[in-house]
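# Architecture and fold: a report
The chain contents come next:
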Amino acid sequence: MRYAALAAGALPALAFPAANLEFLGWIGLVPGLALMQAAPSRREAVVRGWWFGAGYLLANMYWLAPNLGPGLLLLAVVIGFLWTAVGLAVWGLMRPPVSPRRAALALIVVPSSWLVTEWIRSWQGLGGPWAVLGASQWQHPAILALAAIGGVWLITFALVAANTGVLLAITARSAPARLVGAAGVLIAVLAGPVSFALTAPPPVSRHITVALVQPGIESTAARLAESERLTASVAGRADLIVWGESSVGYDLADHPALLSSIERASRSAGADVLVSQDAENAAGAHIKQALVVTSTGTGGSYTKTRLVPFGEYIPLRSVLGWLSKISKAAAQNVVAGTGAHTLRAAIPRSRPLTFGVLICFESAFPDMSRVDTDQGAQAIFYQTSDSTFQSSWAPAQHAALGALRAAETGRPVAQAALTGDSAAFDDRGRLLAWAGTSYRGVLYVRLALPASSARTLYDRLGDYVPWTATGIAGLAALLGLRRMRRDRSRPANGILAGTSVRPDLEPSRNAGGSALAAGAEVAEVTAPDAAAEPGSAATPSD
């Protein structure tokens, strides 16, 4: 059954790109939840939740194996432990018999427990928010409307609630409880489309055309030359040109000739160029930096803040540094920046554009794009290089995250990738353009810009959904612990005090009658918890 839980954890991975079986986001958790529900004890439900979490992470992050080596298995085992909370919630509220009240509580507590798991592992030190379940719905703007209200977290809550409701509708023995489960599914499924229908995008202040350069070349000098050539070919057809991550493998401050060459390309194109430096600076620090290059020099810059664990730095390098010898883990730690902030670029025949730029892995973090929006960004650009994972599902999964960030912030989002996938989305997360890993050239996209003052509810309120879920899960845990202690102590106290036998169950006078009657009464008192925890204060064998 534990191996089955491991396999069940892998099933939802098919809901993400590149498989894109998004419907599994709504039902793909049911087999795993059912295994937790059917566990013979609380402890076994917790263990099955752990195995399920490990399977979920291994399947969704398999492409990290070249970088992490055996560290991927360690990551899955350690972070997978967080799903024990889901196993505990499922077993505590959904094991038979399920009353309508318990069914209603399960529809709130189980999604909250899952959401707390995702929120905790979204901390950068634990790997970051990759494969958050809500991201599986990136192709459905009607569902993405929930992201504008509560971020990707609210989509995740709706998906887990739907899976919980499906399981209740299938397994609950009473018709009212099954009805509660079915109602939960209906509410979760309709929440997004209703939100989409009742909200309207902000008015458009102006349009700009952006050119996303995808040279498709990995060697440092060749990709720079090709990026310059493609930029010069734009020739007035774009208002801003965006290059991918690590497009410039040199510190331009120390290479004035290279900077002059990019300036000439900017003049030929008639637009500013947003490049990405990936090099050691004069002080010997390795940084990744987005830099605006104009026809006459450089503008603002942004240094990457959230680094890829093991890919760009090794946590606790003094302890785990050996991983770089047996895998592609970072040989040297990249120096992190100080936080997200906006940049400005000149727009031909229009006022300057204030925009946010984030690099690679940072597209997974909702809070960073919110910071840019709060600072007045009218658009958000991501620069990435996924060439290490070119033949895996990673490039498509990475590009799809732009849809979530667009819907959350109400801003158009575009991602430029060196070797793909490059993509662009409007302010409701609808796909505007996509260039896969086989594409070489320039991807043009026209973006409708909202006013810099426009805000979604998620922009204004932030992560209130995971905070609320944390409160719900914490309260449920405290109440569950209190009830567990009360149920464990009740039978023992009753037997010692001689009060557990009701007067109407007077022991018969035949041989063994007294023991039989007392045993019957103890069984009646302890039945709700007897099957729950073998080896606890009172079990059938006791």
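Anything mentioned here points back to the structure above.
Residues numbered from 1 in each chain as written. Predicted model: local features only at pLDDT ≥ 70, side-chain atom pairs only at ≥ 80, totals over all residues. Heavy atoms only, no water.

## Some points on the sheet that holds strand 9 (residues 413-417)
Applicable threshold: The pairing criterion for strands is at least two bridges between them, as found by DSSP. Numbering of helices and strands runs from the N terminus, with a helix taken as a DSSP run of H or I at least four residues long and a strand as a DSSP run of E at least two residues long. Interaxial angle, 0 to 180 degrees, is taken between N-to-C directions of lines fitted to C-alpha atoms, where a helix line uses only the stretch in contact. When checking whether two residues touch, look at their non-hydrogen atoms; a contact exists if any pair is within 4.5 Å.
Pairing is mixed in the open sheet, where six strands are placed in the order 6-7-8-9-10-11. What marks the edges here is a single partner per strand, and that holds for strand 6 (342-345) and strand 11 (431-435). Ignoring strand direction, the axes of neighbouring strands in this sheet form an average angle of 20°. Running over the sheet, helix 15 (residues 366-374) touches strand 6, strand 7 (353-359) and strand 8 (379-384) and is turned about 165° from strand 7. Together, strand 8, strand 9, strand 10 (422-425) and strand 11 form the strand contacts of helix 16 (residues 394-409), whose direction differs from that of strand 10 by roughly 20°.

## A short note on the sheet that holds strand 2 (residues 240-242)
Pairing within the open sheet is mixed, and its six strands lie in the order 5-4-3-2-1-12. Only two strands of the sheet have a single neighbouring strand rather than two, namely strand 5 (298-303) and strand 12 (441-450). Neighbouring strand axes in the sheet, compared pairwise and without regard to direction, differ in orientation by 25° on average. As paired elements, strand 1 (residues 204-214) and strand 2 share three bridges and run parallel to each other. Each residue of the ladder has a partner; that of Leu212, found in strand 2, is Val242. Across the sheet, helix 11 (residues 220-234) lies against strand 1, strand 2, strand 3 (272-280) and strand 12, angled at about 55° from strand 12, the strand it touches most. In this fold helix 12 (residues 256-269) packs onto strand 2, strand 3, strand 4 (286-293) and strand 5, with an angle of close to 35° to the strand it touches most, strand 4.

## Some words on the packing of aromatic side chains
The condition that has to hold: Any pair of Phe, Tyr and Trp rings, taking the six-membered ring for Trp, is counted once the centres come within 6.5 Å. Such a pair is stacked with planes under 30 degrees apart, edge-to-face with planes over 60 apart, and tilted for the rest. Under the scheme applied here, a residue whose accessible area is under 20% of the maximum for its type counts as buried, over 50% as exposed, and between as partly exposed, the area being computed with a 1.4 Å probe on protein chains only. Working rule: Lys NZ or Arg CZ, within 6 Å of ring centre, within 35 degrees of ring normal, means a charge sits over the ring.
Summed over all chains, the structure comprises 14 aromatic pairs. Each ring, one from Tyr62 and one from Trp393, has its centre 6.3 Å from the other, and the planes form 90°; the classification is edge-to-face. Here the residue Tyr62 occupies a position in the loop between helix 4 (42-60) and helix 5 (65-68), and Trp393 occupies one in the loop between strand 8 and helix 16, the gap between them amounting to 331 residues. Residue classification places Tyr62 among the partly exposed residues on the basis of a relative accessible area of 36%. For Trp393, a relative accessible area of 27% puts it in the partly exposed group. By way of ring pairs, the aromatic residues Phe52, Tyr56, Trp83 and Trp114 are connected into one cluster. Lying across the ring of Phe365, Arg306 places its NZ or CZ 4.6 Å from the centre.

## Points about the nonpolar core
The criterion, for reference: To define a nonpolar core, start from buried Ala, Val, Leu, Ile, Met, Phe, Trp, Tyr and Cys residues and group those joined through side-chain atoms within 4.5 Å.
If you look at the biggest cluster of nonpolar residues, it comprises 116 residues, and the most contacted ones within it are Trp114, Leu274, Phe355 and Phe381. No other element matches helix 9 (residues 141-171), which puts 16 residues into this core. One finds Leu230, Trp243, Ala271 and Val275 within the second-largest nonpolar core, a separate group that totals 19 residues.

## Some points on the side chain of Asp386
Here is the rule: Under this rule, positive means Lys or Arg and negative means Asp or Glu; His and the chain ends count for nothing. A pairing counts as a salt bridge when a side-chain nitrogen of Lys or Arg comes within 4 Å of a carboxyl oxygen of Asp or Glu. N or O atoms within 3.5 Å of each other form a polar contact, as long as, within protein, one can give a hydrogen and the other can take it, and as long as residues adjacent in sequence are counted only when both atoms are side-chain atoms.
Within the element layout of this structure, Asp386 appears in the loop between strand 8 and helix 16. Buried and unpaired, Asp386 has Lys304 as its nearest opposite-charge partner, separated by 8.6 Å. Among the polar contacts listed, one links the side chain of Asp386 to the side chain of His398, at a separation of 3.1 Å. The contact partners of Asp386, leaving out residues within four places of it in the chain, are Cys360, Pro395, His398, Thr419 and Gly420.

## Some details on the packing of helix 8 (residues 100-121) against helix 10 (residues 175-198)
Put simply, the rule reads: Here the angle decides the label: under 35 degrees means roughly parallel, over 145 means roughly antiparallel, 65 to 115 means roughly perpendicular, and every other value means oblique. Crossing handedness is read from the near helix: turned anticlockwise from the far helix by less than a right angle, it gives a left-handed crossing, and turned clockwise, a right-handed one. The nonpolar class holds Ala, Val, Leu, Ile, Met, Phe, Trp, Tyr, Cys and Pro. Asp, Glu, Lys and Arg form the charged class, and all remaining residues, Gly among them, are polar.
Two elements in contact, helix 8 and helix 10, have axes whose closest approach is 8 Å; the angle formed by their N-to-C orientations is 20°. Considered as vectors, helix 8 and helix 10 are oriented roughly parallel to each other. As for the relative orientation of helix 8 and helix 10, their crossing is right-handed in sense. Where helix 8 abuts helix 10, its residues Pro100, Ala103, Ala104 and Leu107 lie against Pro176, Ala177, Val180 and Gly184. A class-by-class count of the residues in the contact of helix 8 with helix 10 yields seven nonpolar, one polar and no charged.

## Concerning the packing of helix 4 against helix 8
At a minimum axis separation of 14 Å, helix 4 and helix 8 run at an interaxial angle of 50°. Here helix 8 runs oblique to helix 4, going by the angle between their axes. Our pair here, helix 4 against helix 8, has a crossing hand that is right-handed. For the pair formed by helix 4 and helix 8, the contact residues are Phe52, Tyr56 and Leu57 on the first element and Trp114, Glu118 and Arg121 on the second. Classifying every residue of the contact of helix 4 with helix 8 by side-chain character gives four nonpolar, no polar and two charged.

In short, geometric facts, not functional conclusions.
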